[in-house]
Amino acid sequence: MVFPIINSLLLRPLPPLIDGISIELIDFDFHLWERLPELEFSVLTVVGSGMELGSRKAHHKGLDFIIEPKGKAKIKGSIHKFFNDGDHNINRFTYEDFIEAVGQLSIFGVNPENARLKSFEIGLNLDTSVSKIETKTFLESVLYCRGAERSEMELNGKTGYGYAYKTTNATYKFYDKGEQSKVQSELLRVETKFTRMRAVENYGIYTLADLLDETKLSRLISDKFLKAIDETIFFEWDQIKTTRRLPAKYKSKFKDLRNPDWWIKDERSRRERHRNKLLLEKLINQYAKRNIKNILKDLISLEITCFLRSKKGYEYTTFESLKNWNQTNNAQKKGTVTQRIVCADSTDQREVKKEKRYCLTCGKDITHQKKGSKYCNDQRKCRDKAYNLKVSEKKKVKQTAKQKEILNLIKDLGTEFNLVRTTNPNRKKRKGVPGRKTSIIVDIGGKKRYFHGVAARFFLKEFEKKTESLTNQHEYETDCT
């Protein structure tokens, strides 16, 4: 997958990878926090009862600093917001930004080596507008994730804008970041939150310092974030509405494969479940106009590359295991060639060999088509649909202008004019073809105006309204006298 030199993308909200964290400080003197003017502590109470819990909390730039009764010191919140002075967490947050944010915590006495992780998040904000697909479409296409039932998330008091899949050690989330952050943008948030640290112990990750280790973080992102997306099943109902086009041997099976409840209740072995997953993805590739999972993986590949890029000198970091994920992704696509991502700043003069392009009508990947193509070559359906829409819009504009002319004409005219129904006098007579009966001639001061078809019917309708209005007004005035 290749993207253009991204002057425009640099202005769009792009991803943090490590965001939410919860840490406990070991061998830490909490009195240091009490002496800092930035931190104003208040006692935590039980909601509704007012009963004090004994813990004290101070909120500062997106992070909560908590002192428990026994002297334990904890920090919870978004380290990305902290880096942005507590404003938001929707812009680009690179690996170097993360390192710098951790360094800023030293002001509060935080030593990464002594900051034990209790939970943390790996997440990406994906700008779905580049794919011509709405964020909601991506959300509704998630069919099965890690064997967990889907639960709706509440964003700003609303539901239907996000979904979570909770497992024993982690929670996988897909939600509308634009809705959560109240920004006018198409942003899809894909997130893995580790709720139990035993899920990451095999990667040697115990403290905040371990998240600064590129080798450990690279393996973790590859195995626990990207692999989870690979194993997630996506299906757009609108892409294969019926089984009519499917081979007879798959029709019955397909009805189960597209049912999310069937996957949850499936008691088959992992190998058999994987075989079913491959079958569904095969049918999607062959009979759907687009594969939304591949489009999602393309977006993720772009965001990861931007995240891993070093700001100084615009060089790539050494996250070796992440560089090949996009190649593996594209190699699985039928009829595509393995490509690479190019991510550059406005000052970077490297050229991009090929730009990723999508059909303007359905959003299908058309990068493999000749340069200048705007629509997919699917029996010209998308091209014809776009043409018909363009013609319809021109016709609507012309019709609106005509209707405005008619309304002004009726408004200016009194009741003293002749209206004659006729056929179109300029229309050529054809044998066996009846004349058009919806044409009218309006005689205004000796000058004739012709209206035909839709315009004639609109004129008659509006004229009848005016006539009825004048009649009612005359009757009312008569009754009053």
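Look above for the structure.
Below you will find a few notes about this structure. (Residues numbered from 1 in each chain as written. Predicted model: local features only at pLDDT ≥ 70, side-chain atom pairs only at ≥ 80, totals over all residues. Heavy atoms only, no water.)

**Here's the deal with the overall build of the protein chain**
From N to C terminus, the protein chain includes 14 helices and 15 strands. Put simply, the protein chain has 481 residues, and 44% of those count as buried. Within the protein chain, counting contacts between residues at least 6 apart in sequence, those at least 24 apart form 60% of the total. A total of about 27,300 Å² of accessible surface is found on the protein chain, and carbon and sulfur atoms cover 47% of it. (Helix = DSSP H or I, 4+ residues; strand = E, 2+ residues; numbered from the N terminus. Buried < 20%, exposed > 50% of the residue type's maximum accessible area, 1.4 Å probe, protein only. Contact = heavy atoms within 4.5 Å. Areas by Shrake-Rupley, 256 points an atom, 1.4 Å probe, with all protein chains shown as cover.)

**Some details on helix H6 (residues 214–231)**
Relative to the 26 Å expected for 18 residues at 1.5 Å per residue, H6 spans 24 Å between its end C-alpha atoms, a close match to the ideal helical length. Along its length, H6 shows its largest kink, about 30°, at isoleucine 221. Within the sequence span of H6, burial applies to Leu217, Ser218, Leu220, Ile221, Ser222, Phe225, Leu226, Ala228 and Ile229. For H6, the N-terminal capping position is held by aspartate 213, with its side-chain oxygen 2.9 Å away from the main-chain nitrogen of threonine 215. (Expected span 1.5 Å × (residues − 1). Bend = angle between axes of the 7 residues up to and from the residue. Polar contact = N/O pair within 3.5 Å; in protein donor to acceptor, adjacent residues only side chain to side chain.)

**Some details on helix H7 (residues 248–257)**
Taken together, the buried positions of H7 are occupied by Tyr250, Phe254 and Leu257. Across the axial projection of H7, the buried residues extend over an arc of 55°, all falling on one side. In H7, those exposed residues whose orientation departs by more than 90 degrees from the buried face are Ala248 and Ser252. Contacts made by the buried residues of H7 are with strand S7 (142–144), helix H8 (260–265) and helix H9 (270–287). (Arc of directions from axis to C-beta.)

**A short note on the packing of aromatic side chains**
A complete count under the given rule lists 13 aromatic pairs for this structure. Measuring from ring centre to ring centre gives 6.3 Å for phenylalanine 174 and phenylalanine 234, while their planes differ by 85°; the resulting arrangement is edge-to-face. Here phenylalanine 174 is found in strand S10 (residues 170–176), whereas its partner phenylalanine 234 is found in strand S12 (residues 233–234), with 60 residues between them in sequence. For the pair formed by phenylalanine 174 and phenylalanine 234, the shared burial category is buried. Where phenylalanine 235 meets phenylalanine 254, the ring centres are 5.8 Å apart and the plane angle is 70°; that geometry is what we call edge-to-face. In this pair, phenylalanine 235 sits in the loop between S12 and H7 while phenylalanine 254 sits in helix H7, placing the two residues 19 residues apart along the sequence. Taken together through their ring pairs, the aromatic side chains of Phe28, Trp33, Phe65, Phe82 and Phe108 make up a single cluster. One cation-aromatic arrangement involves arginine 150 over tyrosine 163; the distance from NZ or CZ to the ring centre is 3.8 Å. (Phe/Tyr/Trp six-rings, centres within 6.5 Å; stacked < 30°, edge-to-face > 60°. Lys NZ or Arg CZ within 6 Å of the ring centre and 35° of its normal.)

**Here's the deal with the pattern of salt bridges**
With the rule as written, the count across this model stands at 17 salt bridges. Among the salt bridges present, the one from glutamate 191 reaches arginine 189, with a minimum N-O distance of 3.0 Å. Residue classification places arginine 189 among the buried positions, given a relative accessible area of 0%. Via salt bridges that share partners, Asp19, Glu121, Lys173, Arg189 and Glu191 belong to a single interconnected network. (Salt bridge = Lys/Arg side-chain N within 4 Å of Asp/Glu carboxyl O.)

**Focus on the packing of H7 against H9**
Viewed as axis vectors pointing N to C, H7 and H9 meet at an angle of 105°, and their least axial separation amounts to 11 Å. Between H7 and H9, the angle is such that the two are roughly perpendicular. Counting all contacts with H7, which are made through Tyr250, Lys253, Phe254 and Leu257, the residues of H9 involved are Asn276, Leu279, Leu280, Lys282 and Leu283. When the residues that make up the contact of H7 with H9 are grouped by side-chain class, the tally is six nonpolar, one polar and two charged. (Axes fitted to C-alpha atoms, helices over the stretch in contact; angles between N-to-C directions. Parallel < 35°, antiparallel > 145°, perpendicular 65-115°, else oblique. Nonpolar A, V, L, I, M, F, W, Y, C, P; charged D, E, K, R; others polar.)

**Topic: the state of the cysteines**
Under the defined criterion, the tally for this structure stands at zero disulfides. Not part of a disulfide, cysteine 376 finds its nearest cysteine sulfur in cysteine 382, a span of 3.5 Å. Using a relative accessible area of 2% as the deciding quantity, one classes cysteine 376 as buried. (Disulfide = S-S within 2.5 Å.)

**Focus on the nonpolar core**
One finds Leu25, Trp33, Phe120, Ile122, Phe194, Leu211 and Leu220 to be the most contacted residues of the largest nonpolar core, which totals 69 residues. No other element matches H6, which puts seven residues into this core. If sequence neighbours within four positions are ignored, leucine 211 has contacts with Ile18, Tyr95, Phe98, Leu117, Phe120, Ile205 and Leu217. Residues Tyr144, Phe254, Leu257 and Leu279 belong to the second largest nonpolar core, which totals 17 residues. (Core = buried A, V, L, I, M, F, W, Y, C linked by side-chain atoms within 4.5 Å.)

**Description of the pairing of strand S9 (residues 162–166)**
Along S9, four of the five residues are buried, which leaves the element largely enclosed by surrounding structure. Pairing geometry for strand S8 (residues 150–152) and S9, over three bridges, is antiparallel. Across the sheet, residue serine 151 finds its bridge partner in S9, namely alanine 164. Alignment of S9 against S10, held across five bridges, turns out to be antiparallel. (Pairing = 2+ DSSP bridges.)

**Brief notes about unusual backbone geometry**
Positive phi values are uncommon outside glycine, yet arginine 146 reaches one of about 55°. For arginine 146, the location among the structural elements is in the loop between S7 and S8. In this structure arginine 146 comes out as partly exposed when scored by relative accessible area, which is 34%. Unusually for a residue other than glycine, lysine 182 sits at a positive phi of about 60°. Here lysine 182 is to be found in the loop between helix H5 (177–181) and strand S11 (187–194). Given the relative accessible area of 53%, lysine 182 is considered exposed.

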